[in-house]
Amino acid sequence: CLSRGLGDVYKRQGKGDEVLLGLAHILKDCCDPDLDFVGHIGGDDFMLVLRCQDWQERLQSLNRSFQALCRQLYKPEHINAGGFNAPDRDGEWRWYDLLSLSVGVLALSDDADDIVNASQLAELASHNKHEAKKIRGFSVVCHYLDDLLDSSLVALSAEPTSLQNSDRPNQG
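This section reports on the structure supplied with the text. (Residues numbered from 1 in each chain as written. Predicted model: local features only at pLDDT ≥ 70, side-chain atom pairs only at ≥ 80, totals over all residues. Heavy atoms only, no water.)

1. Points about helix α3 (residues 55-73)
Okay, so step 1: An ideal rise of 1.5 Å per residue puts 27 Å on 19 residues; α3 measures up with 27 Å between its terminal C-alpha atoms.
Okay, so step 2: Here α3 has its buried residues at W55, Q56, R58, L59, L62, N63, F66, L69, C70 and L73. Projected down its long axis, α3 shows its buried positions confined to an angular sector of 150 degrees, all on one face. Set apart from the buried face of α3 by more than 90 degrees, the exposed residues are R64 and Q72. (Helix = DSSP H or I, 4+ residues; strand = E, 2+ residues; numbered from the N terminus. Expected span 1.5 Å × (residues − 1). Buried < 20%, exposed > 50% of the residue type's maximum accessible area, 1.4 Å probe, protein only. Arc of directions from axis to C-beta.)

2. A look at the packing of helix α2 (residues 15-30) against α3
Okay, so step 1: At a minimum axis separation of 10 Å, α2 and α3 run at an interaxial angle of 155 degrees. Between α2 and α3, the angle falls in the class roughly antiparallel. As α2 packs across α3, the resulting crossing turns out to be right-handed. Across the interface between the two elements, K15, E18, V19, G22, L23, I26, L27 and C30 from α2 touch R58, L62, S65, F66, L69 and L73 from α3.
Okay, so step 2: Within the contact of α2 with α3, the residues separate by chemical class into nine nonpolar, two polar and three charged. (Axes fitted to C-alpha atoms, helices over the stretch in contact; angles between N-to-C directions. Parallel < 35°, antiparallel > 145°, perpendicular 65-115°, else oblique. Left-handed = near helix turned anticlockwise from the far one by under 90°. Contact = heavy atoms within 4.5 Å. Nonpolar A, V, L, I, M, F, W, Y, C, P; charged D, E, K, R; others polar.)

3. Some points on the pattern of salt bridges
Okay, so step 1: The tally for this structure, following the rule as stated, stands at four salt bridges.
Okay, so step 2: Here K129 makes a salt bridge to D45, at a shortest N to O gap of 3.4 Å. Of this pair, K129 sits in helix α6 (residues 118-133) while D45 sits in strand β2 (residues 45-49); the two residues are 84 residues apart in sequence, bridging distant segments of the chain.
Okay, so step 3: The salt bridge involving R58 is made with D54; its shortest N-O contact spans 2.8 Å. (Salt bridge = Lys/Arg side-chain N within 4 Å of Asp/Glu carboxyl O.)

4. What to know about α6
Okay, so step 1: With 16 residues, α6 extends 23 Å between its outermost C-alpha atoms, agreeing within 8% with the 22 Å of an ideal straight helix rising 1.5 Å per residue.
Okay, so step 2: Within α6, burial applies to L124, N128, K129 and A132. Looking straight down α6, one finds its buried side chains confined to an arc of 140 degrees; they lie on one side.
Okay, so step 3: By the N-cap criterion, in which a side-chain oxygen at the helix start approaches the backbone nitrogen of a residue two or three places on, α6 is capped by N117, the distance to S119 being 3.0 Å. (Polar contact = N/O pair within 3.5 Å; in protein donor to acceptor, adjacent residues only side chain to side chain.)

Structural data, given as structure tokens:
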């Protein structure tokens, strides 16, 4: 969450807002306007609908651009340490890692809209995002809708598929 830690240490400088605006621009730049969609859900949550075949490479590029943005905003000593100490909401001092992106991917086939509705898609994508947030640093948790349907749509019991280790073909 951008408002914790970063907002406390850098609040006078408006860094949290600067990060959100910068991320919005980076997301827009990584999308193909003829194929893709970027939307702001609220707070520090965004959604992308990537229909391009090179979506995995675009996520890697997104991370590189986001890290470059963040390096411009942090104090050099925080970059060198990989994070910083700041009081939490209860006033207790704790360690905050540098900002990173957590991405939940729900890879769909062309007939997905015939199988599940928008609410179910949002729930599945949100589940993937929450799983990605459990991983430190840049993380991508990817489930393929077809695999989830095979293992039970309700249970969501499938293990996440690594973006780098996936043996599935690129799906747009």
